[in-house]
Amino acid sequence: MLTRLLDSPALQMLRGALDGLALRQEAISNNIANVDTVGYQRQTVNFENELKAALGRGGARLATSDQRHFGQAARGGSGVIGQSGEDGTFSIRNDVNNVDIDREMTDLVDTTLKYQVLAQTTAGRLRTLGTIIDRA
C-alpha cells in the first residue's frame with residue numbers, strides 16, 4: 001500500500017518535473033561557466049512538453065461523468081523528460097559563442113523559483129502521506 005501511495009501519478013509528475021528542472025539548472029550552469037569559451041554553443045533543456053505527454057499517456061486524470069466535460073489529453077512524446085541540446089540561437093560575437101549572460105541569469109532565477117515551488121509542494125504531499133500513515 002505504501003508503495004502505491006509513493007508511486008501516485010501526482011508524485012510521479014512532481015518527481016519528473018524536479019528532475020527536468022535539475023537538468024535545466026545544470027545546463028544553465030554550464031552555459032554560464034562557458035560564457036567566454038570560444039565556439040561554445042548554448043545548451044537548453046526542454047522537458048515540459050514531454051512531461052505533459054507522459055501524463056497524457058497514463059498519468060493523473062480527472063474522473064468525469066460525461067466524456068464531453070474535458071478534452072482528451074495530448075498523446076505522443078518520446079518519454080524522455082529531460083533532454084538537452086543546442087537552442088538554435090545565432091551568435092553575434094566573433095568567437096561564435098552564443099551565450100547571453102543576462103538571459104542565462106534570468107533563466108537561472110526562473111528555474112530556481114520553479115524548483116523551490118515544486119520541492120515545497122512535494123514536501124507537503126509527503127508530509128500529508130506521513131500524517132495519514134501515522135493515524136492509520
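Residue positions are given per chain, counting from 1 as you read along its sequence in written order. Per-residue local features of the predicted model are confined to residues with pLDDT of at least 70, and side-chain atom pairs are confined, for both listing and counting, to 80 or more; whole-chain, interface and lining totals are unaffected and use all residues. By convention in this description, side-chain values take in all heavy atoms of the structure and omit both hydrogens and water.

Which residues make up the overall build of the protein, and what values do they have?
For the purposes of this entry, the term helix denotes a DSSP run of H or I that reaches at least four residues, the term strand denotes a run of E that reaches at least two, and both are numbered from the N terminus. In terms of helices and strands, the protein carries four helices and two strands. Order of helices (α) and strands (β) in the protein, N terminus to C terminus: α-α-β-α-β-α. For the protein, the proportion of its 136 residues judged to be buried stands at 24%. Contacts are assigned to residue pairs that have any heavy atoms within 4.5 Å of one another. In the protein, the share of contacts with a sequence separation of at least 24, taken over all contacts with a separation of at least 6, comes to 74%. Here, Shrake-Rupley sampling with a 1.4 Å probe gives the accessible areas, and only protein chains in the shown set may cover a residue. Looking at the protein as shown, the accessible area adds up to about 9,300 Å², and 55% of this sits on carbon and sulfur atoms. Accessibility here uses a 1.4 Å probe with only protein chains present; expressed as a share of the type maximum, an area under 20% marks a residue as buried, one over 50% as exposed, and anything in between as partly exposed.

Please set out the confidence of the model for the protein residue by residue, giving values where relevant.
The predictor rates its confidence in each residue with pLDDT, a number between 0 and 100. Looking at the protein, the pLDDT average stands at 78 and 71% of residues meet or exceed 70. Considering each helix and strand of the protein separately, the mean pLDDT is smallest for strand S2 (residues 84-86), with a value of 55, and largest for helix H4 (residues 101-135), with 93.

Could you give an account of the nonpolar core, naming the residues involved and the relevant values?
Residues Leu 11, Leu 14, Ala 17, Leu 18, Leu 21, Ala 27, Val 45, Phe 47, Leu 51, Leu 118 and Leu 129 constitute the largest nonpolar core, which totals 11 residues. Those elements that provide at least two residues to this core are helix H2 (9-33) and H4. Per-element tally for this core: the top contributor is H2, with six residues. Residues belong to one nonpolar core when they are buried, are Ala, Val, Leu, Ile, Met, Phe, Trp, Tyr or Cys, and are joined through side-chain atoms within 4.5 Å.

I'd like to hear about the environment of Asn 97, residue by residue, with values.
You can see Asn 97 is positioned in the loop between S2 and H4. Its relative accessible area of 1% is what places Asn 97 among the buried residues. Each C-alpha atom of the pair Asn 97 and Asp 36 lies 7.5 Å from the other, and the pair is 61 residues apart in sequence. Contacts described as polar in this section are N or O atom pairs within 3.5 Å, which, within protein, must combine one atom able to donate a hydrogen with one able to accept it, while residues neighboring in sequence count only if both atoms come from side chains. A distance of 2.9 Å separates a polar side-chain atom of Asn 97 from the backbone oxygen of Asn 34. A distance of 2.8 Å separates a polar atom in the side chain of Asn 97 from the backbone nitrogen of Val 99.

Which residues make up the pattern of salt bridges, and what values go with them?
Where charged atoms from two side chains of opposite charge approach closely, those side chains can pair. For salt bridges, the criterion is a side-chain nitrogen of Lys or Arg within 4 Å of an Asp or Glu carboxyl oxygen. Summed over all chains, the structure comprises four salt bridges. In this structure, Glu 104 and Arg 42 form a salt bridge, with 2.4 Å as the shortest nitrogen-oxygen distance. Taken together, the residues span a long stretch of sequence, with Glu 104 in helix H4 and Arg 42 in the loop between H2 and strand S1 (43-45) at a distance of 62 residues. Taken individually, Glu 104 and Arg 42 each receive the classification buried, so the pair is uniform in this respect. A salt bridge links Asp 110 to Lys 114; the nearest nitrogen and oxygen atoms lie 3.2 Å apart. Taken together, the residues span about one helical turn, with Asp 110 and Lys 114 both in helix H4 at a distance of four residues. Asp 110 sits in the partly exposed class, given a relative accessible area of 35%. Linked by salt bridges that have partners in common, Arg 42, Glu 104 and Asp 107 make up one network.

I'd like to hear about the packing of H2 against H4, residue by residue, with values.
Lines are fitted to the C-alpha atoms to define the axes, a helix being fitted only along its stretch in contact, and any angle between axes, read from their N-to-C directions, falls within 0 to 180 degrees. Closest axis-to-axis distance for the H2/H4 pair is 9 Å, and the angle between their directions is 155 degrees. In terms of their interaxial angle, H2 and H4 are classed as roughly antiparallel. Read as a crossing pair, H2 and H4 show a hand that is left-handed. Residues are grouped as follows: Ala, Val, Leu, Ile, Met, Phe, Trp, Tyr, Cys and Pro are nonpolar; Asp, Glu, Lys and Arg are charged; every other residue, Gly included, is polar. A per-class count over the contact of H2 with H4 returns 17 nonpolar, six polar and five charged. For classification purposes, an angle smaller than 35 degrees is called roughly parallel, one larger than 145 roughly antiparallel, one from 65 to 115 roughly perpendicular, and anything else oblique. By definition, any crossing whose near helix is turned counterclockwise from its far helix by less than a right angle is left-handed, and any crossing with a clockwise turn is right-handed.

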